[in-house]
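Observations on chain architecture
Residue strings, one per chain:
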Amino acid sequence: MSEINHADGAGAPAGPAAAPASHDSPSSAQTTIAALATAQGSGGIAIVRLSGPLSGKLLARLFVPGSAAFTGFRPWTLHHGRILDASGRELDDVLCVLMPGPGSYTGEDCAEIHCHGGQAIVSAILETLFACGAVPAKRGEFSRRAYLNGRMDLSQAEAVAELIAAPGREALEQSLRRLDGELSRRVTQVRSRLETVRVHMSLAVDFPDDEVEILDRPDFLVRVREAEQALQELLCGVERARVTRSGARVVLAGSVNAGKSSLMNALLGVSRALVTDVPGTTRDFIEESVLFGDLPVRLVDTAGLRDSDDTVESLGIERSREQIERADCLVLVVDGSAGDAAEDEGSVCPDRVVGDLLESAPADLPVLVLWNKADLRRPSGRPAWCRRSGGGLPPFMCVSALTGEGIDRFCETARDCILGSLPPAGESVAPNDRQARALRGAAGELSALSRDIEAGQLYDLLSVRLDMACAFLDDAIGVGTAQDVLNRVFESFCIGK
Ligand code: GDP
């Protein structure tokens, strides 16, 4: 079996299909990588992807066209035929496409083999490609090559991975905007405005005696503040993006035996949390992912809160309080079967735990009150005690974890409350955590720079801060990003992307 020579293409067998004209791709010295681009497992079709200088030659060797009219691969055109193994035996009926660089995803010659989605077929095709000179792609290597070949910047490459992982529509739209380069454009705009400031500051250092016309301090201040404001606008979508991408933390809290674990199970549709009528069964917290409509949610069932002498249970209660502090939404569960009509009318919550949490929850934290076990007893209306410390009325709903009554309405209401508590989505490009850290770093430097300008600091000291701010901005979009950061980013990708 002859391998195709990377350097000069010698050894490329005269296959039935003609390879596209070769060209100097930006990374033509690189290996040719191959990987399954679709998900692992069986499916209707699977796509095996190639990138690198051998892509065209490998297809030319292994593809047998299905039509006598085939005269060679037309770029960006699907061709029907058979794919062979290295010894010339047919492996599958396929569609193949060649996408020559530099206009391809990676900037290199790329190819795709659309085969039937069986694991044996995919393995055989990949083994053949590896036997003929391709090498297995590492995680995110296609996107890494796209980044290295200047096809996209780091924030766009990250948007690709986030697009694939997006759990709902909003996260999808944000990722698409970043894939379009919106974040990079806005950061670059700020960066180039700061560049002007930097030039004038250098002039001020080099020509301190007004030999050339330079911006004065108030002008510097205005420009630096504008730049900081632009960064703050970018950052205001971060919290909403965290929630729509990673899930809102919805914490079920209340007294022991109120039915929190039963509610968790009803919301998950499976028996995950342990349910018994022995108070104090949930001794730690349980966390699971669910969707409330299109909103991803990390649902947390906490240990019931009460005074306890049991060390293990006390630790669980401590953890519950920590969970409540980290919540994006607090759901207070009341055992509706426990009280009586007089207590419903009173202004003091008969459940001390729920009363305390209604009192102490931060004003900006969405809180919902669920009257559980409504199948056993229900109030005539909203109980008088169901109000927050500032007088606000939290949504109040009767539900039954046992019969499922009210559960769907609760999910809708919780979703609306959570999204309603965040800044509107608008046209936000929502930086991810890594980008947000860099943008916050830049905003911090700019804010310190404003103070230094006002305090009359020397221009060369101001320049140092300005350089730091610019370096943070470069980091956000991946200009000159260190190898270890790139490794971390691309290692989080899937293979084949
Ligand atoms: P937790 O301590 O708050 O997690 O409470 P559990 O979920 O363990 O429930 C305590 C008891 O209440 C169990 O016996 C459940 O079967 C019962 N229970 C929970 N929800 C309901 C409900 O909606 N209706 C009725 N009738 N019983 C419920």
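Our structure is the block above this text.
Read on for a plain summary of the structure.

Scoring rules and cut-offs
Residues numbered from 1 in each chain as written. Predicted model: local features only at pLDDT ≥ 70, side-chain atom pairs only at ≥ 80, totals over all residues. Heavy atoms only, no water. Salt bridge = Lys/Arg side-chain N within 4 Å of Asp/Glu carboxyl O. Helix = DSSP H or I, 4+ residues; strand = E, 2+ residues; numbered from the N terminus. Buried < 20%, exposed > 50% of the residue type's maximum accessible area, 1.4 Å probe, protein only. Pairing = 2+ DSSP bridges. Axes fitted to C-alpha atoms, helices over the stretch in contact; angles between N-to-C directions. Parallel < 35°, antiparallel > 145°, perpendicular 65-115°, else oblique. Left-handed = near helix turned anticlockwise from the far one by under 90°. Contact = heavy atoms within 4.5 Å. Nonpolar A, V, L, I, M, F, W, Y, C, P; charged D, E, K, R; others polar. Near = heavy atom within 4 Å. Polar contact = N/O pair within 3.5 Å; in protein donor to acceptor, adjacent residues only side chain to side chain. Areas by Shrake-Rupley, 256 points an atom, 1.4 Å probe, with all protein chains shown as cover. Core = buried A, V, L, I, M, F, W, Y, C linked by side-chain atoms within 4.5 Å.

What follows is about the pattern of salt bridges. Taken as a whole and assessed by the stated rule, the structure comprises 27 salt bridges. With a closest N to O distance of 2.7 Å, Arg434 and Glu158 form a salt bridge. Pair noted here: Arg434 is in helix H14 (residues 433-454) and Glu158 is in helix H4 (residues 154-165), with a separation of 276 residues, a long-range link. Neither residue differs from the other here; Arg434 and Glu158 are each classed as buried.

Attention now goes to the pairing of strand S5 (residues 90-99). By the bridge criterion, 6 bridges tie strand S4 (residues 79-84) to S5 in an arrangement that is antiparallel. If you follow Arg82 over to S5, its bridge partner there is Asp93. Between S4 and S5, which pair antiparallel and follow one another directly, the connecting turn spans 5 residues, one of which, Gly88, has a positive phi of 95 degrees. Strand direction decides the pairing type here: S5 and strand S6 (residues 110-117), joined by 5 bridges, are antiparallel. Counterpart to Val97 in the pairing with S6 is Glu112.

Each pair of packed helices can be described by the angle between their axes along with the distance between the axes. Across the interface, helix H7 (residues 217-235) lies against H14 with an axial gap of 9 Å and an inter-helix angle of 155 degrees. Judged by the inter-axis angle, H7 sits roughly antiparallel to H14. H7 and H14 meet at a crossing whose hand is left-handed. Contact with H7, carried on its side by Arg217, Phe220, Leu221, Val224, Arg225, Ala227, Glu228, Leu231, Gln232, Leu234 and Leu235, involves Ala436, Leu439, Arg440, Ala442, Ala443, Leu446, Ser447, Leu449, Ser450, Asp452, Ile453 and Glu454 of H14 and no other residues of that element. Each residue belonging to the contact of H7 with H14 can be placed in one class, and the counts come to 14 nonpolar, 3 polar and 6 charged.

With that settled, consider the pairing of strand S11 (residues 329-335). For S11, the buried fraction is high: 7 of the 7 residues fall into the buried class. Burial along S11 is two-sided: Cys329, Val331, Val333 and Asp335 and Leu330, Leu332 and Val334, pointing in opposite directions, are all buried. Sheet analysis places strand S8 (residues 248-254) next to S11, joined by 5 bridges and oriented parallel. If you follow Val250 over to S11, its bridge partner there is Cys329.

Let us now look at the site of the ligand. Surrounding the ligand, one finds 18 residues, the nearest of these being Asn257, Lys260, Ser261, Ser262 and Asp375. One nitrogen or oxygen atom from the main chain of Ala258 is found 3.2 Å from an oxygen atom belonging to the ligand. Lys373 places a side-chain nitrogen or oxygen 3.0 Å from an oxygen atom of the ligand. When the ligand sits alone it has 580 Å² of accessible area, and the protein chains cover 85% of it. Sorting elements by how many residues they give to the shell around the ligand places helix H9 (residues 260-268) first, with 3 residues. Of the residues that constitute the shell around the ligand, the class distribution is 6 nonpolar, 8 polar and 4 charged.

This part is about the nonpolar core. Of all hydrophobic cores here, the largest spans 34 residues; its most connected members are Met201, Leu231 and Leu439. Counting residues per element, the ones that place at least two in this core are helix H6 (182-206), H7, H14 and helix H15 (459-477). Dropping the residues within four chain positions of it, Met201 is found in contact with Phe220, Leu449, Ile453, Tyr459, Leu462, Ser463 and Leu466.

Moving on, we get to the sheet that holds strand S3 (residues 63-65). What the 7 strands build is an open sheet, ordered S3-S4-S5-S6-S2-S1-S7; its pairing is mixed. At either margin of the open sheet sits one strand with a lone partner, and together these are S3 and strand S7 (135-136). Strands strand S1 (33-36), strand S2 (43-51), S4, S5, S6 and S7 of the sheet are contacted by helix H2 (residues 119-131), whose axis makes an angle of about 150 degrees with S6. Contacting S1, S2 and S7, helix H3 (residues 141-148) crosses the sheet at an angle of about 135 degrees to S1.

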